[in-house]
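What follows is the residue order along each chain.
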Amino acid sequence: MDFFHKLENYRQRERELAWEGTFREYLLLVKERPFISQLAHSRIYNMIVSEGVEEINGIRRYKFFDDEIYGLDKTLETLVEEYFHSSARRTEVRKRILLLMGPVSGGKSTIVTMLKRGMEQYSRTALGAVYAIKGCPMHEEPLHLIPKELREDFMNENKLYIEGNLCPHCQMRLETEWAGRIEEVPVERIFFSEEKRIGIGTFSPSDPKSQDIADLTGSIDFSTISEYGSESDPRAYRFDGELNKSNRGIMEFQEMLKADEKFLWNLLSLSQEGNFKAGRFALISADELICAHTNESEYKTFVSNKKNEALISRMIVVRVPYNLRVSDEVRIYEKLIKQSDLQHIHIAPHALRAAAIFSVLSRLKESKKQGMDLVKKMRLYDGEDVEGFKQKDLVELQNEVTDEGMSGVDPRYVINRLSSAFIRKDTVCINALDVLRALKDGLDQHPSITKEERDRLMNFIAISRKEFDDIAKKEVQKAFVYAYEESARTLLNNYLDNVEAYCNGVKLRDPITDEEMDPDEKLMRSIEEQIGISENAKKAFREEILIRLSTYARKGKNFDYTSHERLKEAIEKKLFADLKDVVKITTSARTPNAEQLKRMNEVTARLIEDHGYCPVCANELLRYTGSLLNR
């Protein structure tokens, strides 16, 4: 019953959104809300920014793309600011075809689909409302009814902009049905819909021998010629081509660069003059975004052909590379997996990260900077500072090569290989090793890669495995250290006592003998060295800890070993180093004794409760870590 209640609410909402009136009434609406007469590019830009914009590290991020596109903030900023924003201001850019160029499975189609779905939803809002002459096959802007001789005065008086002329269909209706009385012409609110072919269209070229230009521009209705007597009568013409139906919105031109020349000629005048030729009519006005997408090799082939120069000059090319951030690559895989029917299979923590590391490494280019390797570059791109480099060095690294991210392993390959791991018999959980094994098996079966490329990718799988080994040890380290939390507190207190004495230049008192003694430099350094604090930097680090300690004391807060991120890491590493033999013996024992079993159960419980493991992958992680420590 709840569904039918929602259904009735939906119908009520549809009735509330609907509007119908005369052109006279529409003009009153336009004077109240001038934005309803905006052009297509302006409407798309306003749709995007209406979802919110924020600036992060000097790059504008558009929340409109948040749910589907990850790691392409710079690309999206270029797309929105340099194309849509400029077009919304009615610069020459709006007269260009938008071409998204990048590798397969890089997000080009997703961007176009988001724009189309976004326009469908936006046209149902107050800010995105669109009105058209009722019964017009091209959803004509009603302001086109205003005679050219009166337009300039009208635009100046109302601070509006009118571009384009009535389509042949509406011209005839104006004369025959309304005797030129434009104020009586009916106007209605329309809602963009790709399914209903209102304001959104998709053209996909097929065999040029069988495909007709009518798919783009409409066609003569031969069944009515005898009735109307002429092919130039608009009533004998079907204005149902994709360019007709996409008017006021978006037309996606799939595989545009593969299309036959005759389909591209119409785009020349449409992109430059905002009109196209159809049948035996004058040029027909169209206000729409033409968006196409292609890969780099097709684009280079197209550009190399001199016959295409006119069309190339009417394009704005936006490069859409692969994502180069590991954390965002994981989000891409999570999104794709959520769309499947495999959510009952548990994915161990860091399993997708192992795949993401492999993918991102394959897309990066070697840097000429001394001390920079691909792993460091990958970490830097993912927001980490690495030895010898900070986030401020990122722009310089990105500017070193122009085609970074334009090649490498695509997300579809990874998802295909993950699927093969998912559907194995009796699979309840997959871990990082299962994922890397599936990726490796895929390379063995891949017929189109060279031996050199295969060896390169195998090397990246080995690096991903090494990265996971470090993660696995840290994960078990955290779980073991938690079981020895009292030891961590004791170690911290000893360190803090010694740091305080060192910074204040005083001696410590032995709690048993009450003797004065110097701060324990050996203890302090054994902890600080765990996180690479050099001899020269130790004083600054200790003073930083003391300041944090004083701040906590002043605010009445307790300072524990988790209160300073780097100190927490140092304490955990020190404890783990001290406990390494215990961990090794505990995790690798074939027949653990009662004490070892108790520890194993505590650590397993901690991995399950706090780190997202299931009993299967928690036990596998412990066994694997034990084998690593025994090497």
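Residues numbered from 1 in each chain as written. Predicted model: local features only at pLDDT ≥ 70, side-chain atom pairs only at ≥ 80, totals over all residues. Heavy atoms only, no water.

## Quick look at the overall build of the chain
In terms of regular secondary structure, the chain is built from 26 helices and 18 strands. Radius of gyration (C-alpha) of the chain: 33 Å, far over the 25 Å computed for a compact globule of 631 residues. Once the C-alpha set of the chain is aligned to its principal axes, its extents read approximately 115 × 60 × 60 Å. At a minimum sequence separation of 6, the contacts of the chain that also span at least 24 residues come to 69%. A total of about 32300 Å² of accessible surface is found on the chain, and carbon and sulfur atoms cover 48% of it. (Helix = DSSP H or I, 4+ residues; strand = E, 2+ residues; numbered from the N terminus. Rg over C-alpha atoms; globule rule 2.2 N^0.38 Å. Contact = heavy atoms within 4.5 Å. Areas by Shrake-Rupley, 256 points an atom, 1.4 Å probe, with all protein chains shown as cover.)

## Quick look at the side chain of S285
Among the secondary structure elements, S285 is positioned in strand β12 (residues 284-285). What S285 contacts, discounting residues up to four positions off in sequence, is M138, G164, N165, N247, G274 and N275.

## Thoughts on the pairing of strand β2 (residues 53-56)
Taken together, the four bridges between β2 and strand β3 (residues 59-62) define a ladder with antiparallel strand orientation. From the neighbouring strand, E54 faces β3, where its bridge partner is R61. (Pairing = 2+ DSSP bridges.)

## Here we look at unusual backbone geometry
We note that R197 has phi near 60°; this positive angle belongs to a residue other than glycine. On the basis of relative accessibility, which here comes to 28%, the residue R197 falls in the partly exposed class. Positive phi, close to 85°, is recorded for R248, a residue that is not glycine. When you line up the elements, R248 lands in the loop between α10 (242-245) and β10 (250-253). (Buried < 20%, exposed > 50% of the residue type's maximum accessible area, 1.4 Å probe, protein only.)

## Thoughts on the sheet that holds strand β5 (residues 130-133)
Strands pair in a sheet through their backbones, by hydrogen bonds, and they do so in one of two ways: parallel or antiparallel. Spatially, β1-β6-β5 is the arrangement adopted by the three strands of the open sheet, whose pairing is antiparallel. Among the strands making up the open sheet, the edge pair consists of β1 (20-22) and β5. Sheet twist, expressed as the average angle between the axes of neighbouring strands with direction ignored, equals 35°. (Axes fitted to C-alpha atoms, helices over the stretch in contact; angles between N-to-C directions.)

## Observations regarding the pattern of salt bridges
Enumeration according to the criterion identifies 56 salt bridges in this entry. Within the structure, one salt-bridge network assembled from shared partners comprises E521, R525, E528, E529, E535, K538 and R542. (Salt bridge = Lys/Arg side-chain N within 4 Å of Asp/Glu carboxyl O.)

## Some thoughts on the packing of aromatic side chains
Describing an aromatic ring pair means giving the distance of the ring centres and the angle of the ring planes. If you walk through the whole model with that rule in mind, you get 13 aromatic pairs. Centre to centre, the rings of F3 and F4 are 5.3 Å apart; their planes meet at 70°, and the pair counts as edge-to-face. Note on accessibility: F3 and F4 belong to one class, exposed. Taken together, the ring pairs in this structure connect W19, F23, Y26 and Y131 into an aromatic cluster. The ring of Y161 carries R90 above its face, with NZ or CZ at 3.8 Å from the centroid. Its guanidinium or amino end placed over the ring of F191, R124 lies 5.0 Å from that ring's centre, counting from NZ or CZ. (Phe/Tyr/Trp six-rings, centres within 6.5 Å; stacked < 30°, edge-to-face > 60°. Lys NZ or Arg CZ within 6 Å of the ring centre and 35° of its normal.)

## Regarding helix α21 (residues 485-504)
With 20 residues, α21 should reach 28 Å at 1.5 Å per residue; the first-to-last C-alpha distance of 28 Å fits that figure. Once α21 ends, the next one or two residues include G505, with phi positive near 65°. (Expected span 1.5 Å × (residues − 1).)

## Re the nonpolar core
Counting 65 residues, the largest nonpolar core has Y333, F358, M378, V414, L418, L439 and L607 as its most contacted members. Residue contributions to this core peak at nine residues, all from helix α15 (residues 351-363). Not counting residues up to four positions away in its chain, the partners in contact with M378 are V326, I357, V360, L361, L364 and E467. Counting 55 residues, the second largest nonpolar core, distinct from the first, contains M101, W178, I284 and M406. (Core = buried A, V, L, I, M, F, W, Y, C linked by side-chain atoms within 4.5 Å.)

## Some details on the sheet that holds strand β14 (residues 315-319)
One open sheet accounts for five strands, arranged β7-β10-β13-β4-β14; its pairing is parallel. Only two strands of the sheet have a single neighbouring strand rather than two, namely β7 (200-203) and β14. In this sheet, neighbouring strand axes are inclined to one another by 20° on average, regardless of whether the strands run parallel or antiparallel. Pairing geometry for β10 and strand β13 (residues 289-294), over four bridges, is parallel. Within the sheet, the bridge partner assigned to I250 lies in β13 and is L289.

## Concerning a positive patch on the surface
Among the surface-exposed residues, R548, R554, K555 and K557 lie close enough to one another that they form a single positively charged patch. Tracing the backbone through its elements, the reader meets R548 in helix α23 (residues 538-554). Judged by its relative accessible area of 30%, R548 falls in the partly exposed class. (Patch = residues over 30% accessible without salt bridge, like charges linked within 9 Å, V, L, I, M, F, W, Y side chains within 5 Å. Lys, Arg positive; Asp, Glu negative; His and termini not counted. Charge placed at Lys NZ, Arg CZ, Asp CG, Glu CD.)

## Thoughts on the environment of D520
Mapped onto the elements of the fold, D520 is located in the loop between β18 (516-517) and α22 (521-528). Expressed as a C-alpha distance, the spacing of D520 and Y495, which sit 25 residues apart in the sequence, is 8.5 Å.

## Describing helix α14 (residues 326-338)
The terminal C-alpha atoms of α14 lie 19 Å apart, and with 13 residues this matches the ideal 18 Å at 1.5 Å per residue to within 8%. Those residues of α14 that sit buried are V326, D328, E329, V330, I332, Y333, K335 and I337. Next to the buried residues of α14 lie β15 (346-347), α15, α16 (374-381) and α18 (411-422).

## Remarks on the packing of α22 against α23
Remark: α22 packs on α23, axes separated minimally by 12 Å, with the N-to-C direction vectors making an angle of 90°. It follows from the interaxial angle that α22 and α23 lie roughly perpendicular. Of α23, the residues touching α22 (which contributes E521, M524, R525 and E528) are K538, F541 and R542. Looking at the contact of α22 with α23 residue by residue, the classes come out as two nonpolar, no polar and five charged. (Parallel < 35°, antiparallel > 145°, perpendicular 65-115°, else oblique. Nonpolar A, V, L, I, M, F, W, Y, C, P; charged D, E, K, R; others polar.)

## Re the environment of M517
Position of M517 relative to the elements: it lies in strand β18. Note on M517: relative accessible area 34%, which makes it partly exposed. Discounting residues that sit within four places of it in the chain, M517 has contacts with K507, L508, R509 and D510.

## Describing the packing of helix α3 (residues 40-50) against helix α5 (residues 108-122)
In the contact formed by α3 and α5, the axes pass within 10 Å of each other and the chain directions differ by 85°. Between α3 and α5, the angle is such that the two are roughly perpendicular. Every residue of α5 that contacts α3 at R43, I44, N46, M47, I48 and S50 is listed here: L115, G118, M119 and Y122.

## Thoughts on the state of the cysteines
All chains considered together, the criterion is met by zero disulfides. We note that C136 lacks a disulfide partner, and the nearest cysteine sulfur, in C170, lies 3.4 Å from it. On the basis of relative accessible area, C136 is assigned to the buried category, the value being 8%. There is no disulfide at C614, and the cysteine sulfur nearest it, in C617, is 3.5 Å away. Residue C614 is classed as buried on the basis of its relative accessible area, which comes to 14%. (Disulfide = S-S within 2.5 Å.)

Purely geometric stuff here, so don't read any function into it on its own.
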